[in-house]
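Coordinate inspection notes
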Amino acid sequence: MKSYNIAVIPGDGTGPEVVREGVKVLDALSSRMGFKLNYQYYDFGGERYLKTGETLPDSAIDELKKFDAIYLGAIGHPDVKPGILEKGILLRLRFELDQYINLRPVKLYPGVDCPLKNKKPEDIDFVVVRENTEGLYAGAGGVLRKGTPDEVAIQESINTRKGVERCIRFAFEYCRKRNKDKKLTLCGKTNVLTYAFDLWERVFYEVAKEYPDIKVDYAHVDAITMWFVKNPEWFDVIVTDNMFGDIITDLGAMIQGGMGIAAGGNINPRGVSMFEPIGGSAPKYAGKNVINPLAAICAAGMMIEYLGEKKAADLLEKAVIEVTSRHLKSLAAGQMGYTTTEVGDLVTKYVGTLEV
Ligand code: IPM
Ligand code: MN
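Calculation notes
Every chain is numbered on its own, with residues counted from 1 as its sequence reads. A letter from A marks each chain and a number from 1 marks each ligand, given out in the order of writing. For this predicted model, a pLDDT threshold of at least 70 governs which residues receive local features, and a threshold of 80 or more governs which side-chain atom pairs are given and counted, while totals over whole chains, interfaces and linings are taken from all residues. Derived side-chain values reflect all non-hydrogen atoms in the structure, with water molecules and hydrogen atoms excluded from consideration. Here a helix means four or more residues in a row that DSSP labels H or I, a strand means two or more in a row labelled E, and each is numbered from the N terminus. Burial here depends on accessible area, computed with a 1.4 Å probe over protein chains only, as a share of the maximum for the residue type. Under 20% is buried, over 50% is exposed, and the range in between is partly exposed. Residue contacts are defined here by distance: any two heavy atoms, one from each residue, within 4.5 Å place the two residues in contact. Only four residue types enter the charge count: Lys and Arg as positive, Asp and Glu as negative, with His and the chain ends excluded. Here the site of a charge means NZ on Lys, CZ on Arg, CG on Asp, or CD on Glu. An expected span of 1.5 Å times one less than the residue number is assigned to each helix. Whether a residue is near a molecule or strand is decided by its heavy atoms; if any one of them lies within 4 Å of it, the residue is near. Here a polar contact is recorded for every N or O atom pair within 3.5 Å, except that within protein the pair must consist of a potential hydrogen donor and a potential acceptor, and residues adjacent in sequence are included only if both atoms are side-chain atoms. In this description, accessible areas are obtained by the Shrake-Rupley approach with a 1.4 Å probe, and a residue is regarded as covered only by the protein chains that are shown. When residues are grouped by polarity, Ala, Val, Leu, Ile, Met, Phe, Trp, Tyr, Cys and Pro land in nonpolar, Asp, Glu, Lys and Arg in charged, and all others, Gly among them, in polar. Residue ranges assigned to each domain were obtained from an automatic or database domain assignment. Aromatic pairs are defined between Phe, Tyr and Trp rings, using the six-membered ring for Trp, whenever the two ring centres lie within 6.5 Å; interplanar angles under 30 degrees are classed as stacked, those over 60 as edge-to-face, and all others as tilted. Note on criteria: charge over ring means Lys NZ or Arg CZ within 6 Å of the ring centre, with the direction from the centre no more than 35 degrees off the ring normal. Only buried residues count toward a nonpolar core, which is a set of Ala, Val, Leu, Ile, Met, Phe, Trp, Tyr and Cys residues joined through side-chain atoms within 4.5 Å. Working convention: axes come from line fits to C-alpha atoms, limited for helices to the stretch in contact. Angles between N-to-C directions cover 0 to 180 degrees. Angles are sorted into four bins: roughly parallel if under 35 degrees, roughly antiparallel if over 145, roughly perpendicular if 65 to 115, and oblique for all others. Two helices cross in a left-handed way if the nearer one is turned anticlockwise from the farther one by less than a right angle. They cross in a right-handed way if the turn is clockwise.

**Things to note about the overall build of the protein**
Helix and strand counts for the protein come out as 11 helices and 12 strands. Relative to its full complement of 356 residues, the protein shows a buried share of 53%. When contacts within the protein are restricted to residue pairs at least 6 apart in sequence, long-range pairs at least 24 apart make up 77% of them. Of the charged side chains in the protein, 45 are positive and 48 negative, and the gap between their average positions amounts to 3 Å.

Here it is as structure tokens:
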């Protein structure tokens, strides 16, 4: 029997609650589909930081490299200053594990309330390929004369030929494999960011020559936010830099029904990848059994698909669709008509009973 070793980082806030449901579903799925998942839990997060002053121990990166995948709940704690846990844990893992792609599907499932008038599941089904190790996130820049009226703050966007090219190549490959509209849109800001996006644009059209089967298109980031709302059906796969990808995928999450369902994968195609619900730790809902676990469950689905268990991932998605279309009143925390645990139970039930 195939077996995979998974590092689980439940993390902060509602992270542990949603990860518990994800693992419950994975267990049902793996036993039905004939593979095995071995979990090892890590307590990285805000609580540990408050107790020990440590975000990630130095040994963590090497240890995590030995797993087949990482399953993450959420990082972020109301008692820790913004930036410490995000940079010290989440971004550090993305960077040091060289997870250079952040893959974020935006898909409206049947039964889910969409805030866009007259848009249906067939209209909202695209994937954002976000560069995940460079850009404004690289941490380049600095501050001068801090706290004085003459303070200077510089935050630079780093775009390397290598980083841009590997991201764009991934997006073309992904678009070809996805085999939907075979259309890849570059999202940038070539009219203003004339150094960074000139590089992106040149590499994009250069690599495009190797993919004559893929239609290519370009959109400025400001315009793309407009089109996500007006014409989401235009999009198949979108490739963009780290910062723009961060922003447009929150909008993407909203048009697919909210943070309750939005999942993502931090991918290193030649290393260990990490899968997470993209919503954050939602401290005000923590411990209340009201948060929607579907985002974490969908992240688990992305993880097993990535591990090669495509049939199991398809079954999981079908089970999620049963739950959104037949059961949930809303995807919002506290308004689902079910508790967190009950939603996990429902998906588990369908995973056990639906036809494969
Ligand atoms: C995300 C989050 C992170 C990011 C934060 C928590 C650092 O917003 O995964 O999109 O900006 O990448
Ligand atoms: Mn974000």
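So, next bit.
**Quick look at helix H11 (residues 340-353)**
An ideal rise of 1.5 Å per residue puts 20 Å on 14 residues; H11 measures up with 20 Å between its terminal C-alpha atoms. Looking at the buried positions of H11, the neighbouring elements they touch are helix H1 (15-33), helix H9 (294-307) and helix H10 (310-326).

**Concerning the site of ligand 1**
Around ligand 1, the surrounding shell consists of Glu86, Leu90, Arg94, Arg104, Arg130, Tyr137 and Asp246. Take Arg104: an N or O atom from its side chain is 2.8 Å from an oxygen atom of ligand 1. Here an oxygen atom of ligand 1 and a side-chain polar atom of Tyr137 are 2.6 Å apart. In the complex, the protein chains occlude 76% of the 320 Å² of accessible area that ligand 1 would expose alone. Looking at side-chain class alone, the shell around ligand 1 contains 2 nonpolar, no polar and 5 charged residues. Built from parts of two domains, the shell around ligand 1 gets at least three residues from each of domain 1 (1-101 + 265-356) and domain 2 (115-255).

**Examining the environment of Gly257**
Position of Gly257 relative to the elements: it lies in the loop between helix H8 (242-255) and strand S11 (263-267). Between the C-alpha atom of Gly257 and that of Leu116, which follows or precedes it by 141 residues, the distance is 9.6 Å.

**Observations concerning the packing of aromatic side chains**
Under the criterion given, the structure shown has 14 aromatic pairs. Aromatic pair Phe126 and Phe228: ring centres 4.8 Å apart, planes at 45 degrees, arrangement tilted. In this pair, Phe126 is assigned in strand S5 (residues 125-131) and Phe228 in helix H7 (residues 221-230), connecting sequence segments 102 residues apart. When sorted by exposure, Phe126 lands in the same class as Phe228, which is buried. Here Phe172 and Tyr211 contribute two aromatic rings whose centre-to-centre distance is 4.9 Å and whose plane-to-plane angle is 20 degrees, an arrangement assigned as stacked. With Phe172 in helix H5 (residues 161-178) and Tyr211 in the loop between helix H6 (196-208) and strand S9 (215-220), this pair connects stretches of sequence that are 39 residues apart. In this pair, the class of Phe172 matches that of Tyr211, namely buried. Clustering of aromatic rings is evident, with ring pairs tying together Phe172, Phe204, Tyr205 and Tyr211. Lying across the ring of Tyr137, Arg130 places its NZ or CZ 5.0 Å from the centre. Directly above the ring of Tyr350 sits Lys349, whose terminal nitrogen or CZ lies 4.7 Å from the centroid.

**Brief notes about the nonpolar core**
Formed by 91 residues in total, the largest nonpolar core has its most connected members in Tyr71, Val239 and Val347. Ranked by residue count, the leading element in this core is H9, at 10 residues. Looking at which domains feed residues into this core, each of domain 1 (1-101 + 265-356) and domain 2 (115-255) gives three or more.

**Notes on the side chain of Thr185**
Looking at where Thr185 falls in the secondary structure, it is placed in strand S8 (residues 183-188). Thr185 sits in the buried class, given a relative accessible area of 1%. Thr185 has contacts with Phe204, Asp217, Tyr218, Ala219, Ile224, Phe235, Val237, Ile238 and Val239, leaving out every residue within four places of it along the chain.

**Regarding the packing of H9 against H10**
Where H9 meets H10, the closest approach of the two axes is 7 Å, and the angle between their N-to-C directions is 160 degrees. What the angle tells us is that H9 and H10 run roughly antiparallel. Taken as a pair, H9 and H10 cross one another with a handedness that is left-handed. Each of Leu294, Ile297, Cys298, Ala300, Gly301, Ile304 and Glu305 in H9 lies in contact with H10, whose residues at this interface are Lys310, Ala312, Ala313, Leu316, Val320 and Thr324. In terms of residue class, the contact of H9 with H10 is made up of 9 nonpolar, 2 polar and 2 charged.

In short, the description is geometric, and any link to function would need to be established separately.
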